[in-house]
Amino acid sequence: MTEPVVDIRGISVEFPGVKALQEVDFRLFPGEVHALMGENGAGKSTLIKALTGVHRPVAGEVLLGGERVAFAGPAQAQDAGISTVYQEVALCANLTVAENILLGREPRRFGAINGRAMRARAAELLARIGLRVDPRSTLASHPIAIRQLVAIARAVAIDARVLVLDEPTSSLDADEVAELFRIVRVLRDEGVAVLFVSHFLDQVYEIADRMTVLRNGRVVGEWTTAELGRLELVQAMLGRELGVLDELEHRPDKGRAGEPLLVAEQLGRKGAIAPFDLTIRRGEVVGLAGLLGSGRTELARLLYGADKADTGRVLVDGEPLKLRGPRAAIEAGIAFSSEDRKGEGLVADLSVRDNLILAMQAARGWARPVPRKQADELVAKYLKMLDIRPADPDALAGNLSGGNQQKLLLARWLVTRPRLLVLDEPTRGIDVGAKAQIQKLVAELAADGMAVLFISAELEEVVRVSDRVVVLRDRRVVAELSGVDLGVDDVVELIAATPGAEPEKVAS
Amino acid sequence: MTALTARAPSRFLPVIATFVVFVATFGVGSLRYEGFATGQVVANLFIDNAFLIVLAVGMTFVILTGGIDLSVGSVVALSTMIAAAALRAGWPAWLVVPAVLATGSALGLLMGVVIHRFQVQPFIVTLAGMFLARGLCFVISVESVSIKDPTFRALATGTLELPGGVTITHTVVIALVAVAVAAYVLHLTRFGRTVYAVGGSESSARLMGLRTGRVKVGVYVISGFCSALAGLLFSLYMLSGYGLHAVGMELDAIAAVVVGGSLLSGGVGFVVGSVAGVLVLGTIQTLISFQGTLSSWWTKIVIGVLLLAFIVLQRLIVRRS
Ligand SMILES: Nc1ncnc2c1ncn2[C@@H]1O[C@H](COP(=O)(O)OP(=O)(O)OP(=O)(O)O)[C@@H](O)[C@H]1O
Ligand SMILES: [Mg+2]
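Residues numbered from 1 in each chain as written. Chains lettered and ligands numbered in written order. Predicted model: local features only at pLDDT ≥ 70, side-chain atom pairs only at ≥ 80, totals over all residues. Heavy atoms only, no water.

An unreviewed UniProt entry annotates chain B as ABC transporter permease originating from Saccharothrix coeruleofusca. As its UniProt record puts it under Subcellular location (unreviewed entry), chain B is described as follows: "Cell membrane". (UniProt positions renumbered as here; feature names shortened; annotations may be inferred.)

If you check an unreviewed UniProt entry, chain A appears there as Sugar ABC transporter ATP-binding protein from Saccharothrix coeruleofusca.

Here you go:
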């Protein structure tokens, strides 16, 4: 076998109170795709950041191409040929797409940045990953998925020896994932070593040659993909077997719903989503399915009042509700868990506890403080219910692993006890075990009478948790599917159907 | 996949708004007062505010990274003081100018390093710098020191004739050169683009492999240099050095930058916007002096109202996009 490009030996990383990595060995060979697997908080991102010089290990060494390196920061790692897409999509929303791709290596003429050449180069790179956006548009005007693709375009723009992808596909649709994998394969065949992190097992088995599994900051083992079956992999990751999913398949009360809670009549907003009708009943989970850019998030934002509708109206409990903004929605018992957890969700500089209490307090109004004891109990309850790790109420929200931040965001809304919970990509970046837990939780909430609007790019998930699935295409509602044995294939068919077809009602 | 088009103009909206306000206030003046709408009044705006323009340029760099520099007014005073004292001691002008510029830059460097290395709030560090610089003035002299150096006097009184009989001073030329250089650096160099990136998201900029440390320290050096340059221009304007010169001028500079459309949180703004901001503030002052009966406090009141209006405008733009 050839020599590894990256050879990490016995590395340990510590944060105050947390041993994030303990004596981890990791090897990455040229011309392979190596998946790094593990639960939320297992230490995957930390290992990557230790490699690229963001975190300083307290023990162990990193060899790059046989030589010992200790990078002082990402800039040095990049210069040494390690190109990275970080989990938190590290881009600057205030700059243009072209700048985000080429920042730090802009084409120059006589020392000055050549704007035209830069845009041309960016357009070329975007075309390479099959993304059609205007390089001059500001990044802030694009949804998370596009930003993730831009980050990928940036990473593949340089001739790197090592390409690190930390959950690059968490918001992408099947088409974009396929496009990404095509590029990854080309790079791999050119001899680039690719480190890939994902919670989607299908993707891992599709692309990876080998995998290393981490659990609680320690290496469980290294296998070739062919050696390790799915069940064994999940077992290695969780340290236990997975049984929750099977339970969910047999939800007895699926399809049984109560009184209409929210009715949208011809609600619409120009450029965002065509006018639609939608009824959500108490105790019902309604799924929204559609491709990226089909208007999933836009529809949800209208219901929450985050954007103003320019046609139609919303009735809650049969009474018209004036949705002047999110406040009005919250007062009516509508909660919206955003897909953009960094921008709209958590307060990174506050503790887990404070983040939860903030939401609780906002729901109660400022005049009625939450008694300390009750708050402690509630915080403990939700930490346990969602299995947030570390289960330390005083940990800073910004220091949680990506998946645990997502769980905290969900907890933040649950404490307000909403009547309608809108979940936009609630399982994004969440590991298999926790995903099943969250799906189960949604089912339980519905059984308790809460209405849930569930949005996800993962169709299997939407179909599994929902009583009814609303299908979107090209920013309009094209169909509503319901029935006990609703299948993924029905939905795929509708999503992929030729545009222009009339809305239809299907019951199976 | 969706092809999304650019909505670029919203980025320029605050700057455009500032220019509109400038033209509007100027229009009000020219309607109400005879002799307001002349080329010379416009030229005087630049002459009387050359130092503030330079100061606002430096402040723009700092604010773009999301920082703030409260020391600039004091550094202006210190620079006038050093210049006046050194000239009085018989230093030649060609030595005094680089010495003053070096002092200002060094102070900026010191503050930048403290801010970056020890991760202290820029507000606190530059507040300390403000007291330090002001204090140093009085170490040199508690009195006002007048400048009698012939080179300085010649520069101060010399004028340039523009077509149309409008005259400007050399200080205006220097200020405009500073603006042009700053615009070049901000938009056409990697350093400048990194300034915007740091203001947009410092952690992202770092993960993108950009030299954020260099930029974070660099903007304070630039601001220190600009303060020293502004101090030199101010000493030409006043022909004296004094520890009580330019009291509160840092606030004028910040106001000009904000009125010019830059966000205090960083990442958004243009140098030309800051220049327009200075012009707006200057026009208001001119208007009030033309009025004659109004107290100069009205300047402050109008500036206060304008500042609020602009911050509200920016909020609206940010919220819509
Ligand atoms: N800056 C930090 N300060 C303190 N603790 C941290 C910091 N970064 C990470 N941690 C902790 O280190 C552990 C490992 O986190 P890491 O982000 O590596 O997990 P991960 O495997 O990437 O998980 P996920 O799948 O959720 O992204 C977690 O317990 C997390 O809370
Ligand atoms: Mg991670």
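Further remarks concern the overall build of chain B. Regarding its fold elements, chain B presents 13 helices and 4 strands. Rg of the C-alpha trace for chain B: 20 Å, near the compact-globule value of 20 Å for 321 residues, within the 12% margin. Taking the principal axes of its C-alpha atoms as reference, chain B extends roughly 70 × 55 × 35 Å. In chain B, buried positions account for 53% of the 321 residues. A separation of at least 24 residues holds for 77% of the contacts in chain B among residues at least 6 apart in sequence. Accessible surface, chain B: about 14,100 Å² in total, of which carbon and sulfur atoms supply 69%. For chain B, the separation between the mean place of its 18 positive charges and that of its 9 negative charges on side chains is 17 Å. (Helix = DSSP H or I, 4+ residues; strand = E, 2+ residues; numbered from the N terminus. Rg over C-alpha atoms; globule rule 2.2 N^0.38 Å. Buried < 20%, exposed > 50% of the residue type's maximum accessible area, 1.4 Å probe, protein only. Contact = heavy atoms within 4.5 Å. Areas by Shrake-Rupley, 256 points an atom, 1.4 Å probe, with all protein chains shown as cover. Lys, Arg positive; Asp, Glu negative; His and termini not counted. Charge placed at Lys NZ, Arg CZ, Asp CG, Glu CD.)

Residues and elements named next belong to chain A. Distances from the magnesium ion (ligand 2) to its protein donors, S45 (OG) and Q87 (OE1), fall at 1.9 to 2.0 Å. With a gap of 42 residues between them, S45 in helix α1 (residues 44-51) and Q87 in the loop between β6 (82-85) and α3 (97-102) connect regions that are remote in the sequence. For the pair formed by S45 and Q87, the shared burial category is buried. (Donors = N, O, S within 2.8 Å, 3.2 Å for Na, K, Ca; no water.)

This part covers the UniProt feature "transmembrane region" (unreviewed entry) in chain B. Residue and element names in this part refer to chain B. Mapped onto this numbering, the UniProt entry annotates "transmembrane region" (unreviewed entry) at residues 12-33, 45-63, 70-87, 93-115, 122-142, 162-186, 217-238 and 297-318. Secondary structure across residues 45-63 divides into 100% helix and 0% strand, with the first and last C-alpha atoms of the span separated by 24 Å. A distance of 33 Å separates the end C-alpha atoms of residues 93-115, which is 100% helix and 0% strand.

Another aspect to go through is the sheet that holds strand β17 (residues 319-321) of chain A. For sheets, the rule is that strands pair by backbone hydrogen bonds, running either parallel or antiparallel. Residue and element names in this part refer to chain A. Read across the open sheet, the 4 strands follow the order β14-β13-β16-β17; overall the sheet is antiparallel. The outermost strands of the open sheet, each flanked by one partner alone, are β14 (273-281) and β17. Adjacent strand axes in the sheet meet at a mean angle of 20°, parallel and antiparallel pairs treated alike. By the bridge criterion, 6 bridges tie strand β13 (residues 260-269) to β14 in an arrangement that is antiparallel. If you follow R269 over to β14, its bridge partner there is I273. Across the sheet, helix α10 (residues 296-304) is in contact with β13 and β14; its angle to β14 comes to roughly 65°. (Pairing = 2+ DSSP bridges. Axes fitted to C-alpha atoms, helices over the stretch in contact; angles between N-to-C directions.)

All names here are of chain B. Two numbers describe how helix α2 (residues 39-64) lies on helix α11 (residues 249-259): the axes approach to 8 Å, and their chain directions differ by 65°. Regarding the angle of α2 to α11, the classification is roughly perpendicular. The handedness of the crossing between α2 and α11 is right-handed. Taken together, the residues of α11 that come into contact with α2 (itself represented by F51, L52, L55, A56, M59, T60 and I63) are M249, E250, D252, A253, I254, A256 and V257. (Parallel < 35°, antiparallel > 145°, perpendicular 65-115°, else oblique. Left-handed = near helix turned anticlockwise from the far one by under 90°.)

Another aspect to go through is the domain arrangement of chain A. Residue and element names in this part refer to chain A. For chain A, the domain assignment lists domain 1 (6-239), domain 2 (242-333 + 419-436 + 446-508) and domain 3 (341-417). Computed over C-alpha atoms only, the centres of domain 1 and domain 3 are separated by 29 Å. When domain 1 packs against domain 3, close to 510 Å² is buried across both sides, 38% of that on carbon and sulfur atoms. The tally of links between domain 1 and domain 3 comes to 1 salt bridge. Put simply, R389 and E39 hold a salt bridge, and the shortest N to O gap is 2.9 Å. Summed over the shared surface of domain 1 and domain 3, the result is 2 residue pairs in polar contact (both at pLDDT 80 or more). (Domains from an automatic or database assignment. Buried area = accessible area lost by both parts, 1.4 Å probe. Salt bridge = Lys/Arg side-chain N within 4 Å of Asp/Glu carboxyl O. Polar contact = N/O pair within 3.5 Å; in protein donor to acceptor, adjacent residues only side chain to side chain.)

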